[in-house]
Amino acid sequence: MTRRRFLKSWLTTALACLGLGLRRKPFPERMVIARPSTPTALGKKLLGTVPFQGEGDHPLDSLIGSGLGRRRAVDLARLTPSDPTTPNEAFFVRTGSPDRLPSTENWKIETRGLVSSAVDIDLEKEVLPLAVPMGVHLIECAGNDRGGHFGLMSAAEWTGVPVSTVLERLDILPRATAVLVSGYDEHATGDPGSTPGASWIFTFEQLRAAGAFFATAMNGQPLAREHGHPVRLVVPGWYGCCCIKWVNRIELVDDRAPATEHMKEFAGRTFQDAYGRLDLLLPKRDESFGPRLAKDYRPSTVDSAALPVRVEKWITDDRLTYRVVGILWGGASTTDALVIRFRPDAEYAPVESCHQETVRTWTLWTHAWRPETPGRYRIQVRIDDPAISTRRLDVGYYERRVDIEEV
Ligand SMILES: Nc1nc2c(c(=O)[nH]1)N[C@H]1C(S)=C(S)[C@@H](COP(=O)(O)O)O[C@H]1N2
Ligand SMILES: [Mo]
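Residues numbered from 1 in each chain as written. Chains lettered and ligands numbered in written order. Predicted model: local features only at pLDDT ≥ 70, side-chain atom pairs only at ≥ 80, totals over all residues. Heavy atoms only, no water.

(A) Structural context of the overall build of the protein. A tally of regular secondary structure across the protein gives 7 helices and 19 strands. Once local pairs closer than 6 in sequence are excluded, the contacts in the protein between residues at least 24 apart make up 71%. Counting every atom, the protein has about 19100 Å² of accessible surface; 52% of that belongs to carbon and sulfur. (Helix = DSSP H or I, 4+ residues; strand = E, 2+ residues; numbered from the N terminus. Contact = heavy atoms within 4.5 Å. Areas by Shrake-Rupley, 256 points an atom, 1.4 Å probe, with all protein chains shown as cover.)

(B) A look at the site of ligand 1. With respect to spatial proximity, 18 residues lie near ligand 1, and among them Phe92, Asp185, His227, Arg232 and Lys245 are the closest. The contact in question runs from an oxygen atom of ligand 1 to an N or O atom on the side chain of arginine 232, over 2.8 Å. The separation between a nitrogen atom of ligand 1 and a polar main-chain atom of cysteine 243 is 3.0 Å. Counted by class, the shell around ligand 1 contains 11 nonpolar, 3 polar and 4 charged residues. (Near = heavy atom within 4 Å. Polar contact = N/O pair within 3.5 Å; in protein donor to acceptor, adjacent residues only side chain to side chain. Nonpolar A, V, L, I, M, F, W, Y, C, P; charged D, E, K, R; others polar.)

(C) Summary view of the pairing of strand β13 (residues 305-316). Buried residues dominate β13, accounting for 10 of its 12 residues. In terms of strand pairing, strand β1 (residues 44-50) meets β13 through 6 bridges, oriented antiparallel. Within the sheet, the bridge partner assigned to glycine 48 lies in β13 and is lysine 313. Summarising the sheet, β13 and strand β14 (residues 319-329) pair through 11 bridges and their orientation is antiparallel. Within β14, the residue paired with leucine 307 across the bridge is isoleucine 327. A loop of 2 residues connects β13 with β14, the two strands running antiparallel in sequence, and aspartate 317 in this loop sits at a positive phi of about 45°. (Buried < 20%, exposed > 50% of the residue type's maximum accessible area, 1.4 Å probe, protein only. Pairing = 2+ DSSP bridges.)

(D) Just the sheet that holds strand β8 (residues 198-203), in detail. Across the sheet, 5 strands lie side by side as β4-β3-β12-β7-β8; this open sheet has mixed pairing. A single partner strand is all that each edge strand has here, and the edge strands are β4 (120-122) and β8. In this sheet, neighbouring strand axes are inclined to one another by 20° on average, regardless of whether the strands run parallel or antiparallel. Here strand β7 (residues 178-183) runs beside strand β12 (residues 247-253); their pairing, made up of 6 bridges, is antiparallel. Residue pairing in the sheet places leucine 180 in a bridge with glutamate 251 of β12. (Axes fitted to C-alpha atoms, helices over the stretch in contact; angles between N-to-C directions.)

(E) Broad picture of the environment of arginine 310. Mapping arginine 310 onto the fold places it in strand β13. Note on arginine 310: relative accessible area 3%, which makes it buried. Between the alpha carbons of arginine 310 and proline 51 there is a distance of 7.6 Å; along the sequence they are 259 residues apart. A polar side-chain atom of arginine 310 sits 2.6 Å from the main-chain carbonyl oxygen of alanine 77.

Encoded structure:
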């Protein structure tokens, strides 16, 4: 290892510890009884699950806060392999529906900028009739963190219209290179942690490659208000901050378009500069950063990532066994090369059962574990394949800790 690389990895570890330490809150966490994820065999009994430590007591599965700050984090501990999607009433919420949102009847999407004529698209007449099934896609908030038990992540089966289909109907000037998509965002109550107004600029090629679409329904039902009714953008494989809700404006722009406030807010969490990785672990910065021009933003894609979602405690023929159940999601291609360890000085071992068939939604994996002694353990997972980018896993972002009382 060169001196520079050594320093860099040392710094990353130090900051990782700092980040975890800063977020730790002194709340005791209760033992929850989980549904067994496999049928209970004779002589084998699920005793419960071991709570994760150092994550605070953020309530799960309920809407908290108001206005722009309204949130709902999902309890991922309840996932079973038969849940490729999240029911609508449980889907995570990052921003509540704006209380100034006007009636969504006769909804129009304004088209402006580099078009030969500025037209208003009538959603009901011109978009809804073109809606088709778009498949299952997972959305993860770029700010999905330990404090919310990583519950700002959900998957749904979407219905919608490809963005390219809508763009084809416009008379776009040859100079245009990208599209700014923005949504209605007027809240009476702001959020100290966020700037109101959501808009993101995508090149035509980014939208095409991702298969971006305007969603009008999820899991077979019209979009709920808080998920962007009557129309939202979904950019498969990109962070949730790009999936603009209550879309009411499209603007055709060229290479000179500045990054939007929303893009600047999310620059660190979407790896837009050299500090991206480290910024994830530091308290929120005040100043916006990231490139000045939208064209210099990298695609805000979600790398392959994995997260333990529960640690089950079993008794099998008078012996205690633990079983880690986790999810694997994101990335450009599937992988089964997941490895796990329980102490930072231990060797990684292949995860016992992991088979990823799609990157569009999560895959559940499991790993039996017999800790030798009681104590605090740090569950770390990694993908053992240098060809796969894992920027968040690399900095220990999804690490979880448990206290084992009995072995
Ligand atoms: N108009 C608008 N769209 C928005 C946002 C917003 O604040 N306003 N938040 C974004 C963020 S940060 C995320 S993670 C997703 C969350 O979508 P959901 O609340 O339906 O889960 O919406 C995105 N779309
Ligand atoms: Mo987000």
